[in-house]
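# Results of the structural survey
Listed below are the residues making up each chain.
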Amino acid sequence: MRKSFRIPVLASALAALLGAVPASAAQQTSPPVAAQAAGQQAAAVAQQPAMVAYLGQLTGSVQLQLGGGDVWTLGKLAQALPAGTKVKTGPGASCNVVFSDKSQLRLGPGAILTVNEVQPNKVSVYLGLGRLDAWIKKLAGRSFSVGSPAAVAAVRGTGFTMDVISPTEVRLDVFEGSVACQDNFG
């Protein structure tokens, strides 16, 4: 089933999806219990394997600016994409950005994507232009967000398409699961 929508989301709903604890809940927890919970979360994160992003299924010209550099180079199959890397597909080109948890993003022709953060508990990318098809694995304690010039989508266990048509127009189609979406103006 395919759903197309543009829905503003309240900050509290976005925070709940991303796993944030409301201030009232944090105030109700006694300091020793809160410290113990924080220690358990830190230990769980330390035990998680490193999250890695890399290129898969290249078609046509795919260029990269690695780790925030200034030079565009030709992308290669299975090439690692550290935080700060920009991926640009040429006309008629496409590629997959694959994550070590088996989540995938497929970039269509003329797309520009920035890999902002790749951590076990947080993945953040920014689609500046073009189309992105996403298949995101649902993992407890991990947030996955896709930003664009007009909106941010927070996802878990979801299949969706984001198409950045212009800096003020973004289309989001959800095929499976749910997406919390908020425009960049709150």
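As shown above, the structure is provided for reference.
The notes below deal with the structure included here. Quick caveat: nothing in here was measured; it's all calculated off a predicted structure.

A count of helices and strands for the protein chain gives three helices and twelve strands. Sequence separation of 24 or more characterises 48% of the internal contacts of the protein chain that already satisfy a separation of 6 or more. Of the accessible surface of the protein chain, which amounts to about 10000 Å², a share of 59% is contributed by carbon and sulfur atoms.

Our focus in this paragraph is the pairing of strand 7 (residues 104–107). Where a strand is regular, its side chains alternate between the two sheet faces. Burial of the side chains of strand 7 is restricted to one face: Leu-105 and Leu-107 are buried, whereas none of Gln-104 and Arg-106 on the reverse face is. Looking at chain direction, strand 6 (residues 94–99) and strand 7 are connected through four bridges and run antiparallel. Each bridged residue has a counterpart across the sheet, and for Val-97 the counterpart in strand 7 is Leu-105. Hairpin connection, strand 6 to strand 7: the antiparallel pair is bridged by four residues, and Lys-102 has positive phi, about 80 degrees. Bridge count between strand 7 and strand 9 (residues 122–136): four bridges; the pairing is antiparallel. Opposite Gln-104, over in strand 9, you have Trp-135 as the bridge partner.

Moving on to the side chain of Gln-79. Secondary-structure assignment places Gln-79 in the loop between strand 4 (73–74) and strand 5 (86–89). In this structure Gln-79 comes out as buried when scored by relative accessible area, which is 18%.

Between two aromatic rings, the relevant description is the distance of the centres plus the angle of the planes. Applying the stated criterion across every chain yields a total of one aromatic pair. Summarising the aromatic geometry, the rings of Phe-99 and Phe-144 are spaced 5.4 Å apart at their centres and angled 85 degrees between planes, so their arrangement reads as edge-to-face. Here Phe-99 is found in strand 6, whereas its partner Phe-144 is found in strand 10 (residues 143–147), with 45 residues between them in sequence. Judged by relative accessible area, Phe-144 falls into the buried class, the value being 0%. The positively charged end of Lys-88 is found above the aromatic ring belonging to Trp-72, 4.3 Å away from the centroid.

Within the secondary structure, Ala-111 is located in the loop between strand 7 and strand 8 (112–119). It is 5.3 Å that separates the C-alpha atoms of Ala-111 and Thr-89, two residues lying 22 residues apart in sequence. Those residues in contact with Ala-111 that sit more than four places away from it in its chain are Val-87, Lys-88, Thr-89, Leu-127, Leu-129, Gly-130 and Arg-131.

Calculation rules
- Residues numbered from 1 in each chain as written.
- Predicted model: local features only at pLDDT ≥ 70, side-chain atom pairs only at ≥ 80, totals over all residues.
- Heavy atoms only, no water.
- Helix = DSSP H or I, 4+ residues; strand = E, 2+ residues; numbered from the N terminus.
- Contact = heavy atoms within 4.5 Å.
- Areas by Shrake-Rupley, 256 points an atom, 1.4 Å probe, with all protein chains shown as cover.
- Buried < 20%, exposed > 50% of the residue type's maximum accessible area, 1.4 Å probe, protein only.
- Pairing = 2+ DSSP bridges.
- Phe/Tyr/Trp six-rings, centres within 6.5 Å; stacked < 30°, edge-to-face > 60°.
- Lys NZ or Arg CZ within 6 Å of the ring centre and 35° of its normal.

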